[in-house]
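Geometric and topological summary
Chain by chain, the residues:
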Amino acid sequence: MGQLVERTAGVGAGLATEDMILNIGPQHPSTHGVLRLRLVLDGERIVSAEPIVGYMHRGAEKLFEVRDYRQIIMLANRHDWLSAFCNELGVVLAAERMLGMELPVRASWARTMLAELNRVLNHLMFLGSYPLELGAITPIFYAFREREDLQKVMEEISGGRMHFMFNRVGGLKDDLPAGWLDRARRTIHAVRGRLADIENLIHGNEIFRARTEGVGVLTTEQIAAYGLSGPIARAGGVDFDLRRDEPYLAYGELGDVLRVVTRKAGDCFSRFDCLLEQTRVSLDLAEACADRLAALPQGPINLRLPKVLKVPEGETYAWTENPLGINGYYLVSRGEKTPWRLKLRSASFNNIQVLGELLPGHLVADMVAILGSMFFVVGDIDK
Amino acid sequence: MTTESEQQSEQQPQTGPASSDPQREPRASRDFPGMGLVKGLATTFKTMTKHAHTVQYPDQPPELPPRTRGVIALLEENCTVCMLCARECPDWCIYIDSHKETAPAPPGGGRERTRNVLDRFAIDFSLCMYCGICIEVCPFDALEWSPEFEYAEFDIKELLHEKDRLREWFWTVPAPVALDPGAPDPKEMAQAQKVADKRLTAQKAAEIVALADGGAAASGQPERSGPGRSGPAGGAEGDG
Amino acid sequence: MPQFPDAVSNQNMTNWFLGSFDTHIPWWFILVVIKAVAAFAILVVLTLFNIWYERRVVSFMQMRIGPNRVGPQGLLQSLADGVKLALKEDIVPTNADKPVFWIAPLLSAIPAFLAIAVIPWGPAVSIFGHWTTLQLVDLPVGVLYVLAISSIGIYGIVLAGWSSGSTYPLLGALRSSAQMISYEVAMGLSFAGVFLYAGTMSPSGIVNAQQHGWYFYMLPLSAIIYIIAMVGETNRAPFDLPEAEGELVGGFHTEYSSLKFALFFLAEYINLVTVSALAVTMFFGGWRAPVPISLWSGANSGWYPMLWFMIKLLIFVFVFIWLRGTLPRLRYDQFMAFGWKVLIPVSVLWLLVVALFRQLRNAGDLDRAHAVPIGIGIAAVFLLLVVALEVRERNQIRRTPPPTVPDYEPLAGGFPVPPMPGQSAPAVPRRPQFARTAAAPAPALNGTTAEEASTR
C-alpha cells in the first residue's frame, strides 16, 4: 500500500482525487500462487500495471547444471506442474538429438499419447479455474472429475499423478501395463462425453460471455512482439502450433487428426473457447495414438543406455508445444555427465509479460478475467 | 521471440487446409437471450439428482495401481551397501551407514571374506521428490515402490524414516503388473526363445543333411521325422 | 418442580405461569415478547440450517457429499463452525478506525433481525388461550419499513469497508453501497405494482388480498424484477460483487475475523431469509396454502400456514443456492448498467401498464373481454421491441467489415518487427538463393534444424 498522505481536498478546482496503489498478490486468490501485480488504480480503472515476478524462483536452470540427465527430468517436470510430462519431453528430446538416438516406434507413440493426455489434464484445470475466478464455483468440480479419471490413467502407467517422471533418455521408463490402452480409451471416451457438461454450464452463459467477450483483446502485433504462444496466441489469430509446423514425436503422422484450433477475436472468451476446443482435439489425438499403439508390432519402448550417460559436446535447441505454449530447452554440453548449460524458455514467462500492456484501461474485475485467461502457472514464470 | 513469429508467418501459406476454424463462430449464431443461463441451471440441477463422485476417504480407501509411487520400501536383506541410491538421489535424502565385517575362512580352506553390514538406512521423506531414481538404480532390488501413503506426521522431522519402518513397508509392495502385448518379451523368455530357435534351425539343417544322405536309399520312411522333431522342442522347454 | 393443575386448560396454565411473576403484566406484552423471542430463535436456527442447506445442495450440484459428519446428516455442522468461529483470534488492523470497526458488524446484523418483524408467518392462532396473529407487528406501512431497515444494513457494510483502513475492503464497500442503493430503487418500483393491486402497504393486508390468486400470476414482471433485485440486495451470487473473492479477496469483510466476521455472516443469511420471506409475502401468497392443498378447508387456519410459509421460504432459499452454484459473477459496471438501464426502466413501464389497467378497472370501463386483447396488444409491442433490438444487433454483427491487412512495415514503431499473418516479408534482393527459399517457406522451415533455429 502506498504511504498515507494527508491531503486537503477541494480547494478551488473541484475534488482532488488520488490514484490508489493496489497490490494484487503475492498472495491473492486469482493469481494461483505468488504472482504479484502492482496496479495503479483510478477508482476501479487500472492506470498502469506491472507484473512483479520471481517470488517462486527456484533456480531451476542452475540446478540443471549439477544434475545428470535422469535427475534433470525430475527437476524439469516441476517448473510447470500442470504439464509435467511435456516438460520432461523437451529435455529428453534435446539429449536424444545430441546423442543421435533413434527412438523406438512404440516409445514415440506412447510419448505422444501421454503428452496429449497431459495437455487435456492441463486444459481441464484452466477450464475449471477460469470460471471459478469469475465467480462460478461449480465448473471446477466438473473439470476435476475428468482430471481425476485421467490422472488415474496416468497413475496406472507412470505411478505419479502430477510429476510423472516417466520419460527417460531413449524412451519411457516402463512399458504399458496390460489392458491399459483399453482403459485409457474408455476414459477418453467418458471424458469427451462429459465435456458437454462444462460447456453447457459455462460456455454459453450470458454472464460469462459478458465478462469475457471483448475484454482483454490481444492484437496479433502484441502477440508477435511479446512472443506469446500456445492457446493464447492462437486465440488471437496466430496460426502457429509446433505439433504441426515442426512435428516432433509422432505428430507428423497425425496430420489428419491434429486440428490447430484458432480464433480471431483475441479476447478472453476466445482464449477460453480455444482451450475448450483444444481439449477435444487432444482427446482425439490421444485416442488415435492409442489405436496406433494397439496395432504396432511387439517392440521395445526404450533403449539400453550406458551406465554413465554422457552427452557429446555441442548444443541444440529442443522446443515442444506445451499445453501453455512453447517450451524450449537450449542444451549446451561439454561432453560431461551434466549439461554445461540448459536454458529454459518457458511459456508462461513470456505470456504474462504482455499484462503490463494489456491491463491498463480495464477495470479491476476485468483484471481477474484477463489474468485467468492468460493461463499461466507461477512455477513456469519464475522457474 | 523473433524466431518464433518469423516462423509462424512463414508458415502461413501452408496452414490453409490443416488449420480448422471452429465449426461454430461464437458470436455469429446467438441463442435466445437467457438460454445460456437456463442451460447452466439445468446442468447443475441434473447433477444434483445424481450420485456424488467423491468417496468418503478414511471409510473407503482408494484403489491404487501397483505402480503408484506412495512410499519407498526397503528390503534390508538385499542391500549390499553399494551406495548407488544415495549417490544418484537428486536431493541426497538417503542416509546410509555401514561397517565392514570379516567372516573367518571356512574350515575346508580358502580365505576370509569381508562384507558390508548395513547399520543405518534412512530416507528423509520431507526432502524426497518421489522420482524413483534410487529404485531404478538399485542393482539388487532392495528398494521398491509401495502404494502406501498414510504416513503424514505433525512434525516435519518425523518424516525421516529408518530402515525398520522402511522394511515394514516392504510387505505392502505389490507384484509388478503384467505388460501390454506389444511389449517385448522378458529377458529370460527372449533368451530361451533364442536358444530354441537356434536348436530348431540346427535340427532342420541336420534333417536336410540326413534327407539328402539317405534320400536315395530310404525315401519311404515317413515316421522318422516325428521323434526327430520332438527332441529339440523338449530340450528348449528344459532350458526355459 | 411445581405441580401442574390437573385440568390443564390453556387458560389455567397461563394463569399459573403469570402467577409466578406475581405482577400484572398486560397480555399483549407477554405475547409480543414470546413472538419476538420466537422470531429471533427462528432466524438464528434458520441461519444455521441455511448454511448447512447451502453447503449440502451446492455439494450435490458439484458431485460432492458435503458436510455429513457433525450430527445427523451433518446438520450440526454450522453450529460447530459457529463455535469455532467465535473462539478464533480477533484481529483488528492497526490502520483501522477502532470504534467504527466495532460498530459496523452490529450495524449490519441488528437491522437484519429487525426487518423480519413485519412478516406475517401465519393467520391468527391461539397462544395460551389468546388469539393473536403470527406476526410481531402489523405496521400499516410494513413494506416501507422493511425497505428502510434494510437500507440501514448497508451502513454496516460501508463503514466496515471504510474503517478497515485497507484497499480491498474499501473497494468492496464502495461497490456495495452503489449496488444496494441502485437495486433498492428497482425493488421499490416492483412493490408499487403490488400496492396498486392490494391497496395497502401492510404485509398482512397484502397476504389477505392474495386470497383469490397470487400476485405472481397477476404481476409476473414485478415478481421477476423483485427476485432479481433481491439477489442484488443481499449481495449473493451472481451479484456478490462486494465480496467477490476472486478480485477483492473478501470485499468489505476482508479484515474481519472471529465474532465480528460471524456477525456479517449472520447478517447475510438473515437478509437472505428476510428477502425471501418478503418475496413469499408479496408475490406468492404469504402463508396461504398453494393450490392443491388449499382445496382442503383447514389448510389456511391454525398452525399449518406457518408450514406452508416455511416451505415456500426454503424453496426461495434453494433458488438462491442454485443460482450461486451455477452462475459466474457479473462485472460491477455491467451490474449497475443492468440495474439502471434494464430493471428500472422496465419496472417503470410495467408500473405504467399496471396503473393503466387498475385505473380502467376501477373506473369500470374495462371488463374481462377487453382486458385480454389489450394485454395481448401490450405483450405484442414488448415482443416486437425485443425482436427489433435483436435484429438490429444481428445486423450490426453482419455489417462489421472484414479486417484489412496493412502492408508490412519492417520497422513499425521504431524496432524490427516480424511480418503478421497475411503479410509477407519482402525478398532480400542481394541474395537470390535466399529469396528462393523464402518463396517456398514450408520446406525451408522443416529443413531447418533446431540448432539453426536457435541461432537465427
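From a predicted model like this one, the values you see are computed outputs, not experimental measurements. (Residues numbered from 1 in each chain as written. Chains lettered and ligands numbered in written order. Predicted model: local features only at pLDDT ≥ 70, side-chain atom pairs only at ≥ 80, totals over all residues.)

For the rest of this paragraph, the subject is the overall build of chain B. If you tally the helices and strands in chain B, you get seven helices and six strands. Put simply, chain B runs from its N terminus to its C terminus through helices and strands in the order α-β-α-β-α-β-β-α-β-β-α-α-α. Looking at the 240 residues of chain B, the share that counts as buried comes to 19%. Of the contacts formed within chain B by residues at least 6 apart in sequence, a portion of 75% connects residues at least 24 apart. (Helix = DSSP H or I, 4+ residues; strand = E, 2+ residues; numbered from the N terminus. Buried ≥ 20, exposed ≤ 12 C-beta atoms within 10 Å, placed from the backbone. Contact = placed C-beta atoms within 7 Å.)

Our focus in this paragraph is the overall build of chain C. A tally of helices and strands in chain C yields 18 helices and two strands. In chain C, which comprises 456 residues, the proportion classed as buried is 37%.

As a further point, take the UniProt feature "binding site: [4Fe-4S] cluster 2" (unreviewed entry) in chain B. UniProt annotation of "binding site: [4Fe-4S] cluster 2" (unreviewed entry) refers to Cys89, Cys128, Cys131 and Cys134 of chain B when read in the numbering used here. Taken together, the annotated residues stretch across 46 residues yet fold into one region, lying no more than 10.6 Å apart by C-alpha. Counting through the fold element by element, Cys131 of chain B comes out in the loop between strand S4 (113–124) and helix H4 (133–137). For Cys131 of chain B, a count of 23 C-beta atoms within 10 Å puts it in the buried group. With residues near it in sequence (within four places) discarded, Cys131 of chain B still touches Met74 and Met165 of chain A together with Pro90 of chain B. Note on placement: Cys134 of chain B falls in helix H4. Apart from residues no more than four positions distant in its own chain, Cys134 of chain B is found in contact with Ile72, Cys85, Glu88, Cys89, Ile94 and Leu143 of chain B. (UniProt positions renumbered as here; feature names shortened; annotations may be inferred.)

Here the focus is the interface of chain A and chain B. Taken together, the contact between chain A and chain B spans 51 residues of the former and 41 residues of the latter. Contributing elements (two or more residues each) for the side of chain A that touches chain B: helix H2 (69–76), helix H5 (139–158), helix H6 (180–203), helix H7 (206–212), helix H10 (242–245) and helix H11 (268–295) of chain A. In the side of chain A that touches chain B, the residues fall into 20 nonpolar, 14 polar and 17 charged. (Nonpolar A, V, L, I, M, F, W, Y, C, P; charged D, E, K, R; others polar.)

It helps to recall that an α-helix has 3.6 residues per turn; residues three or four apart then point in one direction. Residues and elements named next belong to chain C. For helix H4 (residues 98–115), with 18 residues, the first-to-last C-alpha span of 27 Å sits near the 26 Å given by 1.5 Å per residue. Those residues of H4 that sit buried are Phe101, Ala104, Pro105, Leu107, Ser108, Ala109, Pro111, Ala112 and Ala115. Those residues of H4 hidden inside the fold are in contact with helix H5 (142–163) and helix H11 (258–283). (Expected span 1.5 Å × (residues − 1).)

Before going further, it helps to spend a moment on the packing of helix H2 (residues 35–48) of chain B against helix H13 (residues 304–326) of chain C. With their axes 9 Å apart at the nearest point, H2 of chain B and H13 of chain C run at an angle of 105° to one another. Taken together, the axes of H2 of chain B and H13 of chain C lie roughly perpendicular to each other. Residues Gly40, Leu41 and Thr44 of chain B of H2 of chain B lie in contact with H13 of chain C, whose contacting residues are Trp322, Gly325 and Thr326 of chain C. (Axes fitted to C-alpha atoms, helices over the stretch in contact; angles between N-to-C directions. Parallel < 35°, antiparallel > 145°, perpendicular 65-115°, else oblique.)

This brings us to the UniProt feature "binding site: [4Fe-4S] cluster 1" (unreviewed entry) in chain B. Residues and elements named next belong to chain B. Sequence positions flagged by UniProt for "binding site: [4Fe-4S] cluster 1" (unreviewed entry) are, in local numbering, Cys79, Cys82, Cys85 and Cys138. These residues run over 60 residues, yet every pair of their C-alpha atoms falls within 10.5 Å of each other. Mapped onto the fold, Cys82 is located in the loop between strand S2 (71–74) and helix H3 (84–88). Judged by the 15 C-beta atoms lying within 10 Å of it, Cys82 is partly exposed. Following the sequence through the fold, Cys85 ends up in helix H3. Judged by the 23 C-beta atoms lying within 10 Å of it, Cys85 is buried. Apart from residues lying up to four places away in sequence, Cys85 is in contact with Ile94, Cys134, Val137, Cys138 and Leu143.

The next thing to look at is the sheet that holds strand S1 (residues 20–24) of chain A. Residue and element names in this part refer to chain A. One open sheet accounts for three strands, arranged S1-S2-S3; its pairing is antiparallel. Lying at the two open borders of the sheet, with one neighbouring strand each, are S1 and strand S3 (45–52). When the angles between neighbouring strand axes are averaged without regard to direction, this sheet yields 20°. (Pairing = 2+ DSSP bridges.)

What follows concerns unusual backbone geometry. Residues and elements named next belong to chain B. Positive phi is not limited to glycine here, since Met83 has a value of about 70°. Relative to the helices and strands, Met83 resides in the loop between S2 and H3. Positive phi values are uncommon outside glycine, yet Asp141 reaches one of about 55°. Within the secondary structure, Asp141 sits in the loop between H4 and strand S5 (143–146).

Turning next to the confidence of the model for chain C. For chain C, per-residue confidence averages 77 on the pLDDT scale, and residues scoring 70 or more make up 80% of the total. Interface predicted TM-score (ipTM) for the complex: 0.79; the corresponding pTM is 0.77. (pLDDT = per-residue confidence, 0-100.)

Looking now at the confidence of the model for chain B. Residues and elements named next belong to chain B. Of all residues in chain B, 76% attain a pLDDT of 70 or more, and the chain-wide mean is 76. The element-level mean pLDDT for chain B is lowest in helix H1 (residues 2–15), coming to 39, with S2 highest at 91. Per-residue pLDDT stays below 50 along residues 1–29; that stretch engages in 44 contacts with residues further than four places along the chain or on separate chains. Scored below 50 in pLDDT, residues 220–240 makes 12 contacts in the model with residues more than four places away or belonging to other chains.

Let us look at the sheet that holds strand S8 (residues 325–333) of chain A. Within a sheet, neighbouring strands are paired by backbone hydrogen bonds and run either parallel or antiparallel to one another. All names here are of chain A. Here we have three strands laid out as an open sheet, ordered S7-S8-S9, and antiparallel in their pairing. Among the strands making up the open sheet, the edge pair consists of strand S7 (314–322) and strand S9 (341–345). Averaged over all neighbouring strand pairs, the angle between strand axes comes to 10°, with direction disregarded. Sitting on the sheet, helix H3 (residues 84–99) is in contact with S7 and S8, with an inclination near 150° to S7.

Further remarks concern the pairing of S2 of chain B. All names here are of chain B. Side-chain alternation along S2 places Val71 and Ala73 on one buried face and Ile72 and Leu74 on a second face that is also buried. In terms of strand pairing, S2 meets S5 through four bridges, oriented antiparallel. In the sheet register, Leu74 faces S5, and the bridge partner there is Leu143.

With that settled, the discussion passes to the environment of Pro93 of chain C. Residue and element names in this part refer to chain C. Within the secondary structure layout, Pro93 lies in the loop between helix H3 (77–86) and H4. Here the alpha-carbon distance between Pro93 and Glu255, two residues 162 residues apart in the chain, equals 7.0 Å. Beyond its immediate chain neighbours, meaning those up to four positions away, Pro93 contacts Ser164, Gly165, Ser166 and Glu255.

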